[in-house]
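# An overview of the molecular structure
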Amino acid sequence: MECELCGSDMALFGDDNAFVRYDNNSLSKGHVLVVPRRHVADFFDMTSAEKASVLALLDKARSRISEQHAPDGYNIGVNVGKAAGQSRMHVHVHLIPRYAGDVADPSGGIRCVLRQR
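The text that follows walks through the structure, step by step, so that each part is easy to find. (Residues numbered from 1 in each chain as written. Predicted model: local features only at pLDDT ≥ 70, side-chain atom pairs only at ≥ 80, totals over all residues. Heavy atoms only, no water.)

Counted by the stated rule, this structure contains three salt bridges. Glu-4 is the partner of Arg-88 in a salt bridge, and the nearest nitrogen-oxygen pair spans 3.7 Å. Of this pair, Arg-88 sits in the loop between strand 4 (73-77) and strand 5 (93-98) while Glu-4 sits in the segment before strand 1 (13-14); the two residues are 84 residues apart in sequence, bridging distant segments of the chain. In this structure, the salt-bridge partner of Arg-38 is Glu-50, at a minimum N-O distance of 2.8 Å. One end of the pair, Arg-38, is in the loop between strand 3 (32-36) and helix 1 (48-69); the other, Glu-50, is in helix 1, and twelve residues separate them in sequence. With a relative accessible area of 38%, Arg-38 lands in the partly exposed category. (Salt bridge = Lys/Arg side-chain N within 4 Å of Asp/Glu carboxyl O. Helix = DSSP H or I, 4+ residues; strand = E, 2+ residues; numbered from the N terminus. Buried < 20%, exposed > 50% of the residue type's maximum accessible area, 1.4 Å probe, protein only.)

Once that is clear, we can look at the pairing of strand 5. In terms of residue burial, strand 5 counts as a mostly covered element, since five of its six residues are buried. Where strand 3 lies against strand 5, three bridges are found, and the strand directions are antiparallel. Residue Val-34 lies in a different strand from strand 5, and its bridge partner there is Val-93. Bridge count for strand 4 against strand 5 is five bridges, and the pairing is antiparallel. Pairing of Ile-76 across the sheet is with Leu-95, part of strand 5. (Pairing = 2+ DSSP bridges.)

Structure below.
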């Protein structure tokens with residue numbers, strides 16, 4: 001099965017090491033993924049150059065999303081491994097714009113993944 005994240009046909013912008021694209025299952029207006037161009041499954045297996053590109057592109061994506069959608073906050077997330085919810089075995093970093101009132105109580109942010117504990 002071909003990896004849906006490989007290649008840049010859906011890229012909004014990027015550099016030699018990574019690119020930004022919209023998430024196909026967007027959680028909010030402006031939700032994007034930052035993806036290394038090389039097929040690598042584990043965030044911690046990326047090269048230093050790939051990690052630097054991902055961080056630089058997160059900054060650039062945030063600027064564009066802020067201009068276009070003016071969110072009130074952001075969540076940044078990476079799932080590493082199936083036990084953590086990774087369903088696509090190609091690294092992808094979520095940049096999720098958040099808007100006041102999008103959930104009743106945003107307290108805890110990403111910690112709510114394990115809220116039942």
